[in-house]
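Observations on chain architecture
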Amino acid sequence: MSPNIGILALQGDFYEHARMLDLLGYRSREIRRSKELNNIDALIIPGGESTTIAKLEDAATKFTFTDADEIPIFDAIKEKILSGMPVWGTCMGSIVLAKDIEGSSQGRIGLMDISVRRNAFGSQRQSLEILLNIPVLGQPGFPAVFIRAPLFTKSSNDVEILSEYDGGFVMAKQNNMLVTAFHPELTSDLRVHQYFLNTIHQ
Ligand code: GLN
């Protein structure tokens, strides 16, 4: 049976991830509330703006679409990750998964043993695309799009670094958590999506 893949759709480029999964023959669901996570086997947290999603998460919890018996969505995601659900955060998604965001106390899920430096490559105008060496994907290099991207600067021994760049690293895995500082969903190269799908037990 095909797994149920959720894409957190509070903010950011969730549609682009759905399109990539579609091209690989997988259906996905947009997730906006914690109860929608119930039947999800894997989750993608897209790119966007981490300070905004943290505010939206907070506002959603306090004021809008949360039933009395529903817990905040970051807490619900945390529970699912701790119970083994594969999760992949791209750019903003990687920031909310990180335990440490340099110099910031903004809201987060905070389960992965990495430090992130937000906007490490400069502003929107300094966004870049490079051919990135990702050994687990083989050759050729991956067309990695960085948009106000973070750099991962520190990690614990439990973190497997999958791609290094610019004095830090930009793709890593810790158990069922995968992060990329760049945006595979904005390319036509399906290899990182396929790599993530391979980690889901079917
Ligand atoms: N700069 C954004 C942040 O700090 C992330 C940008 C992105 O997801 N493309 O949240």
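Keep in mind that what you see is a predicted model, and the values were worked out from it rather than measured.

With respect to the overall build of the protein
- Scanning the protein for helices and strands turns up five helices and twelve strands.
- Its C-alpha radius of gyration of 16 Å places the protein within 12% of the 17 Å reference for a compact globule of 202 residues.
- Taking the principal axes of the C-alpha coordinates as reference, the protein spans close to 50 × 45 × 35 Å.
- Expressed as a percentage of the 202 residues in the protein, the buried residues total 50%.
- Restricting the contact set of the protein to residue pairs at least 6 apart, pairs at least 24 apart contribute 65%.
- Carbon and sulfur atoms make up 48% of the accessible area of the protein, which amounts to about 9400 Å² in all.
- Across the protein, the centroid of the 19 positively charged side chains sits 3 Å from that of the 24 negatively charged ones.

What to know about unusual backbone geometry
- Cis geometry marks the peptide bond from Gln 139 to Pro 140, where omega comes out at 0 degrees.
- Its location among the elements puts Pro 140 in the loop between β7 (128-132) and β8 (142-146).
- At Cys 91, a position not held by glycine, the phi torsion is positive, near 50 degrees.
- Mapped onto the elements of the fold, Cys 91 is located in the loop between β4 (87-90) and α4 (92-97).
- Owing to a relative accessible area of 3%, Cys 91 belongs among the buried residues under this scheme.
- Even without a glycine there, the phi angle at Asp 166 is positive, about 50 degrees.
- Within the secondary structure, Asp 166 is located in the loop between β10 (160-165) and β11 (168-174).

Digging into the site of the ligand
- Close to the ligand lie Gly 47, Gly 48, Glu 49, Ser 50, Cys 91, Met 92, Ile 95, Arg 118, Asn 119, Ile 147, Arg 148 and His 183, which account for all nearby residues.
- Contact distances for the ligand include 2.7 Å between a nitrogen atom and a side-chain N or O atom of Asn 119.
- Isolated, the ligand exposes 300 Å² of accessible area, and the fraction of that covered by the protein chains is 98%.
- Of the pockets mapped on this structure, the ligand occupies the second largest cavity.
- Its residues placed into classes, the shell around the ligand shows four nonpolar, five polar and three charged.

A word on the packing of aromatic side chains
- Enumeration according to the criterion identifies seven aromatic pairs in this entry.
- An aromatic cluster is defined as three or more aromatic residues linked by ring pairs; in this entry it consists of Phe 121, Phe 142, Phe 146, Tyr 165 and Phe 182.

Thoughts on the pattern of salt bridges
- Scanning the entire structure with this criterion turns up six salt bridges.
- One salt bridge in this structure joins Glu 30 and Arg 32, with 2.7 Å as the shortest N-O distance.
- Judged by relative accessible area, which is 32%, Arg 32 ranks as partly exposed.
- Two residues, Arg 118 and Glu 49, come together in a salt bridge whose shortest N-O distance is 2.9 Å. Note that Arg 118 is positioned in the loop between β6 (112-117) and β7 and Glu 49 in the loop between β3 (42-45) and α2 (50-62), a separation of 69 residues in sequence.
- What makes Arg 118 partly exposed here is its relative accessible area of 25%.
- Overlapping salt bridges bring together Glu 49, Arg 118 and Arg 148 as one network.

Quick word on the environment of Arg 29
- Turning to its location among the elements, Arg 29 is positioned in strand β2 (residues 28-31).
- Sequence-wise, Arg 29 and Gly 6 are 23 residues apart; in three dimensions their C-alpha atoms are separated by 4.8 Å.
- Look past the residues within four positions of Arg 29 in its chain and what remains in contact with it is Asn 4, Ile 5, Gly 6, Ile 7, Asn 39 and Ile 40.
- Side chain to side chain, Arg 29 and Asn 4 meet in a polar contact 3.5 Å long.

So, how was this worked out
Residues numbered from 1 in each chain as written. Predicted model: local features only at pLDDT ≥ 70, side-chain atom pairs only at ≥ 80, totals over all residues. Heavy atoms only, no water. Helix = DSSP H or I, 4+ residues; strand = E, 2+ residues; numbered from the N terminus. Rg over C-alpha atoms; globule rule 2.2 N^0.38 Å. Buried < 20%, exposed > 50% of the residue type's maximum accessible area, 1.4 Å probe, protein only. Contact = heavy atoms within 4.5 Å. Areas by Shrake-Rupley, 256 points an atom, 1.4 Å probe, with all protein chains shown as cover. Lys, Arg positive; Asp, Glu negative; His and termini not counted. Charge placed at Lys NZ, Arg CZ, Asp CG, Glu CD. Near = heavy atom within 4 Å. Polar contact = N/O pair within 3.5 Å; in protein donor to acceptor, adjacent residues only side chain to side chain. 1 Å grid on protein atoms, 1.4 Å probe; cavity = no way out; pocket = protein on both sides within 12 Å on 5 of 7 lines; lining within 4 Å. Sits in = over half its atoms within 2 Å of the grid points. Nonpolar A, V, L, I, M, F, W, Y, C, P; charged D, E, K, R; others polar. Phe/Tyr/Trp six-rings, centres within 6.5 Å; stacked < 30°, edge-to-face > 60°. Salt bridge = Lys/Arg side-chain N within 4 Å of Asp/Glu carboxyl O.

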